[in-house]
Every structure is written in structure tokens, then in C-alpha cells.
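Now for the letters of each chain:
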Amino acid sequence: MTRLKLTAATVSALALLMTAPVFAQEAATTEPAQTGTDAAPMAPADAAPVTPAPEAAASGSTIAGQAEGQMVLATELQAPEAITGADDTARSVALFQEMGKVITHPRCLNCHPVTGGPTQGDDMHPHSPPMVRGVADFGPDGLSCTTCHGAENVAYSVETGSIPGHSPWQLAPESMGWAGQSLANICTQMKDPERNGGRDLEAIWEHHANDGLVGWAWDPGQGRTPAPGSQELFGQLTRAWIETGAACPS
Ligand code: HEC
Ligand code: HEC
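These numbers come from a predicted model, not from an experiment.

1. Description of the overall build of the chain
No. 1: A tally of regular secondary structure across the chain gives 9 helices and 4 strands.
No. 2: The secondary structure elements of the chain, listed N-terminal to C-terminal, are α-α-α-α-α-β-β-β-β-α-α-α-α.
No. 3: Counting every position in the chain, which comprises 250 residues, the buried fraction comes to 35%.
No. 4: When contacts within the chain are restricted to residue pairs at least 6 apart in sequence, those whose partners lie at least 24 apart make up 66%.

Below, the structure written as C-alpha cells:
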């Protein structure tokens, strides 16, 4: 018998074996909004496919990152000096649109779903193994996010890819859901202290410029496309957006 090697498939299979009953229980109390994945966790462990059913992947097309026109990921980010506008407000909107290349990148959206659990990859397919939000945005009872996600990215030993990691690692609260939302809606949410964790604009800047989990998006581990530009540039764009009035696209 060969030694168990760490791969995405073994992690998923082990988790399904361990937790099929947990998911079944959770699925009854949590909205099954994330596509057809509610079917997979309830399947008996011995019959459970390791990957989501094809229809689950297909219905994922309602997720923002997969909407038409958004499949091409931004790979470059312009500096604030390069962003112009007829007046301050127009420039502010243009600055937020540039920030949007980061904000709507799958590295961010995979953790900022509106409904359902986290998603994975540049195509934002449902998390495998199937994962629910749980009451504390930290997964179902007995299978918190940090069961698998450590403090750092961990590369697979026998195939390309990695388990992403950072401390803390958890899902953004529902009020901060972005996937599928327009940039205008995301902007309004981000400025609303009722929905953004009580932050003023200065705290939003601080989060964008210095938060470690945001920074993970530029160092996402083997097999994952980093967000465009750098966190430093993203912080500079946010600063310029605030200085020009923090206007939102309409
Ligand atoms: C049973 C193990 C396990 C648990 C529990 C788990 N994950 Fe994951 N997660 C993984 C693995 C493995 C991957 C990497 C899949 C791949 O890309 O190969 C992953 C990938 C991800 C990604 C994809 C990153 C990207 O941009 O592609 C996100 C986001 C994520 N997990 C969030 C979460 C959150 C939030 C929780 C808790 C609610 C959670 N995960 C719980 C195993 C787990
Ligand atoms: C591993 C999951 C994860 C990833 C990846 C992630 N976030 Fe978050 N995000 C969170 C959590 C959890 C919170 C809530 C934490 C808090 O309020 O302090 C949050 C809150 C926020 C907030 C504050 C509230 C709001 O919505 O206005 C902003 C802004 C934000 N994230 C931006 C980003 C950006 C930009 C990226 C990508 C560059 C990103 N996040 C990637 C989990 C994540």
C-alpha cells in the first residue's frame, strides 16, 4: 500500500468521508443557494463523487466572475496618476473602476459570495469539497475553514497546485457579498458602515493597503493567478479615490 500523498483529490475525498453527515445536517438549515452542491454532500460517502456534479458547475454561471465579458481577467493595474477624468467626481469613478479590476478578481470574489459557500479557481466553481458558510462564516460545525487552510499556502506534494492559507481564513460575511453584484452596488456596500463592518473611508483604505488577507490575493500560492498589480498600488488607487470624493459608478 502506498503512502497517502497530499493532492486536491485526497483532501476532498477525506473531507467527504469525514463529514457527509455534517453537511447533510447543515444543508437542512442553510439556504442551498450555491447551485446544486446541496446534492453532493448528502450522497453516501462511498458513492460520493469527489468533484461537484456537472450541473453544479454549469449553474455556477450565475456567479459574477463568470458573467459575460468578465471571463478575461485583468492582469495589469494602472497607477492613480494615469487615471484622468473631466472633474474630480468623474476621476473618482474612473479610479474605482480601476480598483474594480482587483475587487472583482476571483481571488477576492471566491471569498465574498452573496449566497452559498466559497468558490474556487479563476472560473469560480463551487468549493470542492462542498463547503457551506456556517453560522460564523467559518464552515459547518466540526469542519472549520482552518481544518484545511493553514497560516500559509501549502503546495501539493504530487501535483501542481496548493491549498491556500493565511491566518485568519474565513468567508466574508453575507453583508459583504460581492459575487454577481455590479461595481456600483459593490461600491455602495463598501462605503456603508452598516454593511462594511463599521468602517469609515480611512479604515477601508487601511484594509486595502495593509490587510494580510487582502494581500494574500497577490501571493495566492502555486497554481493560482494573482490579482493584478500589487497591494501597494491598490492602496494608492484607494487613497486617490477617497481624495477625489469616493464617488461610485452609477
Ligand atoms: C476539507 C478541507 C477544506 C475546508 C474545510 C475548507 N477548504 Fe477551502 N479549499 C480547500 C482546498 C484543498 C482548496 C484548494 C483547491 C485547489 O485549488 O486545488 C481550497 C480552496 C479554497 C478557496 C479558493 C481560493 C481561490 O481563489 O481559488 C477559497 C476561497 C476557500 N477554499 C475558502 C474556504 C473557506 C472560506 C472555508 C470555510 C468556510 C474553507 N475554504 C474550508 C480545502 C478546504
Ligand atoms: C479568505 C477569504 C477572503 C479573501 C481571499 C478576501 N477577503 Fe475580503 N474579507 C474577508 C472577511 C472574512 C472579511 C470580514 C473581516 C472584517 O470585517 O474585518 C472581509 C472584508 C473585506 C472588506 C471590508 C468590508 C467591505 O466589504 O467593505 C473589504 C473592503 C475586503 N474584504 C476587500 C477584499 C479584497 C479587495 C480582496 C481581494 C484582493 C479580498 N477582500 C479577499 C475574507 C476574504
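After presenting the structure, the write-up continues.
2. Remarks on the site of ligand 2
No. 1: Lining the immediate environment of ligand 2, one finds 21 residues, of which Cys108, Cys111, Met176, Gly197 and Ala217 sit closest.
No. 2: Elements with a contribution of two residues or more to the shell around ligand 2: α4 (88–103), α5 (106–109), α7 (201–210) and α8 (212–216).
No. 3: It is α8 that contributes the most residues to the shell around ligand 2, 3 residues altogether.
No. 4: Looking at side-chain class alone, the shell around ligand 2 contains 15 nonpolar, 5 polar and 1 charged residues.

3. Some points on the environment of threonine 89
No. 1: Residue position: threonine 89 is located in helix α4.
No. 2: Sequence separation between threonine 89 and alanine 247 is 158 residues, and the spatial gap between their C-alpha atoms is 6.0 Å.
No. 3: The contact partners of threonine 89, leaving out residues within four places of it in the chain, are Gly245 and Ala247.

4. Here's the deal with the nonpolar core
No. 1: Counting residues in hydrophobic clusters, the biggest one holds 27 residues, and the most contacted among them are Leu95, Met99, Cys108 and Leu237.
No. 2: Within the residue set of this core, elements represented by two or more residues are α4, α5, α6 (183–191) and α9 (231–243).
No. 3: The dominant element in this core, judged by the number of residues it contributes, is α4, at 7 residues.
No. 4: Apart from residues lying up to four places away in sequence, cysteine 108 is in contact with Val102, Ile103, Ala217 and Ala227.

5. Some words on the packing of α7 against α9
No. 1: Packing of α7 against α9 brings their axes to within 8 Å, and their N-to-C directions diverge by 165 degrees. In terms of orientation, α7 and α9 fall into the roughly antiparallel class. Handedness of the crossing formed by α7 with α9: right-handed. Contacts from Leu201, Ile204, Trp205, His208 and Ala209 in α7 reach Gln231, Phe234, Gly235, Thr238, Arg239 and Ile242 in α9.

6. Notes on the packing of α4 against α9
No. 1: Closest axis-to-axis distance for the α4/α9 pair is 9 Å, and the angle between their directions is 155 degrees. Between α4 and α9, the interaxial angle falls into the category roughly antiparallel. Note on packing geometry: the crossing formed by α4 with α9 is left-handed. Of α9, the residues touching α4 (which contributes Ser92, Leu95, Phe96, Glu98, Met99 and Val102) are Phe234, Leu237, Thr238, Ala240 and Trp241.
No. 2: Tallied by class, the residues present in the contact of α4 with α9 amount to 8 nonpolar, 2 polar and 1 charged.

7. A word on α4
No. 1: Taking 1.5 Å per residue as the helical rise, α4 with its 16 residues ought to reach 22 Å, and the 22 Å between its terminal C-alpha atoms agrees with that figure.
No. 2: Summarising the contacts, the buried residues of α4 are in contact with α5, α6 and α9.

8. Comments concerning the environment of histidine 127
No. 1: Along the chain, histidine 127 turns up in the loop between β2 (125–126) and β3 (154–155).
No. 2: Not counting chain neighbours up to four residues away, the residues in contact with histidine 127 comprise Gly117, Pro118, Thr119 and Gln120.

9. Describing unusual backbone geometry
No. 1: Residue proline 129 is bonded to the preceding serine 128 through a cis peptide linkage, with omega at 5 degrees.
No. 2: As for its placement among the helices and strands, proline 129 is situated in the loop between β2 and β3.
No. 3: Along the chain, serine 167 connects to proline 168 via a cis peptide bond; the corresponding omega equals 0 degrees.
No. 4: Turning to its location among the elements, proline 168 is positioned in the loop between β4 (162–163) and α6.

10. Details of the confidence of the model for the chain
Interpretation of this model should avoid reading the predicted coordinates in detail wherever pLDDT is low.
No. 1: For the chain, mean pLDDT is 82; residues scoring 70 or higher make up 72% of the total.
No. 2: Taken as a whole, residues 17–70 scores under 50 in pLDDT and shows 96 contacts with residues more than four places along the chain or in a different chain.

Cut-offs applied
- Residues numbered from 1 in each chain as written.
- Chains lettered and ligands numbered in written order.
- Predicted model: local features only at pLDDT ≥ 70, side-chain atom pairs only at ≥ 80, totals over all residues.
- Helix = DSSP H or I, 4+ residues; strand = E, 2+ residues; numbered from the N terminus.
- Buried ≥ 20, exposed ≤ 12 C-beta atoms within 10 Å, placed from the backbone.
- Contact = placed C-beta atoms within 7 Å.
- Near = placed C-beta within 6 Å.
- Nonpolar A, V, L, I, M, F, W, Y, C, P; charged D, E, K, R; others polar.
- Core = buried A, V, L, I, M, F, W, Y, C linked by C-beta atoms within 7 Å.
- Axes fitted to C-alpha atoms, helices over the stretch in contact; angles between N-to-C directions.
- Parallel < 35°, antiparallel > 145°, perpendicular 65-115°, else oblique.
- Left-handed = near helix turned anticlockwise from the far one by under 90°.
- Expected span 1.5 Å × (residues − 1).
- pLDDT = per-residue confidence, 0-100.

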